Amino acid sequence: MTAPRSQNPSGRLWRRLLGGLLAACLLLLLAAALKQGALADLLRRPLKHQAGFAMHMIDVGQGQALLLTCGGQTAMVDTGPADTSRQVVNYLLKEGVRELDYLFVTHPHSDHSGGVNRVVETLGARVLLIPEYLSEEAALTTAGDWVGKTDTQIAVTRADDRYTLGDAVITVLHPEAGNGIDDMNDLSLVLLVEYAGRRLLITGDLTENVEPTLPEIGPVDVLQVAHHGSYTSSTKGFLEDVRPTYALISCGKNNEYGHPHNVVIARLEDVGARIYRTDEEGTLLVRIVEGQIAVTSEH
Ligand SMILES: [Zn+2]
């Protein structure tokens, strides 16, 4: 014979507590689902209606092209090679971009700068920003050849320069003026992008020669993995400083360099990064809306 319920007050109390706990869990799940739905809705809106900040890592095969948008302003960091420049321009148009506010070129290698000409001629850019190499004059001359007779202003940029893109701030961390570096990859602009308490780090093709000389950066939400995931970049010490939540790699399918190298994938996993690759997932999109960050891919 079982005891009547009224004679077991502690059992009743437990049942109530469990019931309350279950209801609280259901409410939390419902709130999370609604929030996720709102974020998904915001992700689908065209540029002119988009809230927050976005970084697109456009799939250009073996190379790199990034589009940054915030508050109706637009910037590109690299354009990818010449042979995918038509696709890049079409992508920008599809996203509602009509003119670029800034066009940064991390370094003058063709997999990053080959598309500059077409992007500038088709869409225009208010200002083209490049690192100093050989001399400021040499850098300006190279960039002048890219943009021809357009109205685009050309400027050399260097450590500590800052640019605003809507409510986002882009700070140049590297290289310094008069740097004396003769390796083009190591001249790569390093850009820290900050928006709503989130941090994104863009490193171009920077290598292990320079990583230890950078100022301490601290944890970032998103890292553009340097040099397409080459083993000569993304050292253990550097990754332990920046500890990215998301690591984005731009590289071509079955590229001849074997990028990204397995050792870099392992180093990224060691610091707990979630890895996204354009060769596997196509164009990647980072959105920050109301302080929330999400990474999605086209595949
Ligand atoms: Zn490259």
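Not measured: the values here are computed from a predicted model.

Basis of the calculations
- Residues numbered from 1 in each chain as written.
- Predicted model: local features only at pLDDT ≥ 70, side-chain atom pairs only at ≥ 80, totals over all residues.
- Heavy atoms only, no water.
- Buried < 20%, exposed > 50% of the residue type's maximum accessible area, 1.4 Å probe, protein only.
- Helix = DSSP H or I, 4+ residues; strand = E, 2+ residues; numbered from the N terminus.
- Pairing = 2+ DSSP bridges.
- Phe/Tyr/Trp six-rings, centres within 6.5 Å; stacked < 30°, edge-to-face > 60°.
- Salt bridge = Lys/Arg side-chain N within 4 Å of Asp/Glu carboxyl O.
- Donors = N, O, S within 2.8 Å, 3.2 Å for Na, K, Ca; no water.
- Tetrahedral: all angles 85-135°; square planar, octahedral: opposite > 155°, others 65-115°.
- Core = buried A, V, L, I, M, F, W, Y, C linked by side-chain atoms within 4.5 Å.
- Contact = heavy atoms within 4.5 Å.
- pLDDT = per-residue confidence, 0-100.
- Axes fitted to C-alpha atoms, helices over the stretch in contact; angles between N-to-C directions.

1. Observations regarding the pairing of strand S1 (residues 53–57)
- Judged by how many residues are buried, S1 sits mostly within the fold: five of five residues are covered.
- Residues Phe53, Met55 and Met57 point to one face of S1 and Ala54 and His56 to the other, with burial holding for every one of them.
- Here S1 runs beside strand S14 (residues 284–289); their pairing, made up of five bridges, is antiparallel. Within S14, the residue paired with methionine 57 across the bridge is leucine 284.
- Examined bridge by bridge, S1 and strand S2 (residues 65–70) share five bridges and lie antiparallel to one another. By the bridge assignment, alanine 54 is partnered in S2 with threonine 69.

2. So, the packing of aromatic side chains
- The full count for this structure, using the stated rule, is five aromatic pairs.
- When the ring of tyrosine 246 is compared with that of tyrosine 276, the centres are 6.2 Å apart and the planes differ by 50°; the resulting orientation is tilted. Of the two residues, tyrosine 246 sits in strand S12 (residues 246–249) while tyrosine 276 sits in strand S13 (residues 274–277), which places them 30 residues apart along the sequence.
- When its relative accessible area of 8% is taken as the criterion, tyrosine 246 is described as buried.

3. Observations concerning unusual backbone geometry
- Cis geometry marks the peptide bond from histidine 174 to proline 175; its omega dihedral reads -5°.
- Inspection of the secondary structure puts proline 175 in the loop between strand S8 (168–174) and strand S9 (190–195).
- Cis geometry marks the peptide bond from histidine 259 to proline 260; its omega dihedral reads -5°.
- Positive phi is not limited to glycine here, since aspartate 160 has a value of about 85°.
- Even without a glycine there, the phi angle at histidine 227 is positive, about 50°.
- With respect to the element layout, histidine 227 can be found in the loop between strand S11 (222–224) and helix H6 (236–242).

4. Observations regarding the pattern of salt bridges
- One pass over the structure, following the stated rule, counts nine salt bridges.
- Between lysine 94 and glutamate 95 there is a salt bridge, and its shortest N-O distance comes to 3.4 Å.
- Across the pair lysine 236 and glutamate 240 runs a salt bridge whose closest N-O atoms are separated by 3.2 Å. Of this pair, lysine 236 and glutamate 240 are both found in helix H6, four residues apart, which corresponds to roughly one turn of the helix.
- Judged by relative accessible area, which is 38%, glutamate 240 ranks as partly exposed.
- Each member of the salt-bridge network shares a partner with another, and the members are Glu132, Glu136 and Arg158.

5. Some remarks on the coordination of the zinc ion
- Every protein donor of the zinc ion is accounted for by Asp111 (OD), His112 (NE2), Asp205 (OD) and His228 (NE2), and the metal-donor separations fall at 2.1 Å.
- For the zinc ion, the four donor atoms in the first shell make angles of 87 to 148° at the metal, so the coordination geometry reads as irregular.
- Motif for the zinc ion, donor spacing along one chain: D-H-x92-D-x22-H. Here histidine 228 lies in the loop between S11 and H6 and histidine 112 lies in helix H3 (residues 110–113), a separation of 116 residues in the sequence.
- Histidine 228 sits in the buried class, given a relative accessible area of 3%.

6. Here we look at the nonpolar core
- Formed by 32 residues in total, the largest nonpolar core has its most connected members in Phe53, Met55, Leu68, Phe104 and Leu248.
- In contact with leucine 248, not counting residues within four places along its chain, are Met55, Met57, Val222, Leu223, Gln224, Val225, Tyr276, Leu284, Val286 and Val295.
- Among the nonpolar cores identified, the runner-up in size contains 27 residues, and Ile58, Ala65, Val116 and Leu187 belong to it.

7. A short note on the confidence of the model for the protein
- Scored by pLDDT, the protein comes out at a mean of 89, with 84% of its residues at no less than 70.
- Contacts of residues 1–6 to residues separated by more than four positions or lying in other chains number three contacts, the stretch itself having pLDDT below 50.
- In the predicted structure, residues 39–45 sits below a pLDDT of 50 and forms 11 contacts with residues beyond four places in sequence or in another chain.

8. What to know about the sheet that holds S2
- Strand order in the open sheet formed by eight strands is S6-S5-S4-S3-S2-S1-S14-S15, and the pairing between neighbours is mixed. Pairing within the sheet leaves two strands with one partner each, and these edge strands are strand S6 (153–157) and strand S15 (292–297). With direction set aside, neighbouring strand axes in the sheet form an average angle of 15°.
- Where strand S3 (residues 73–79) lies against strand S4 (residues 100–104), three bridges are found, and the strand directions are parallel. Its bridge partner being in S4, alanine 75 is matched across the sheet by tyrosine 102.

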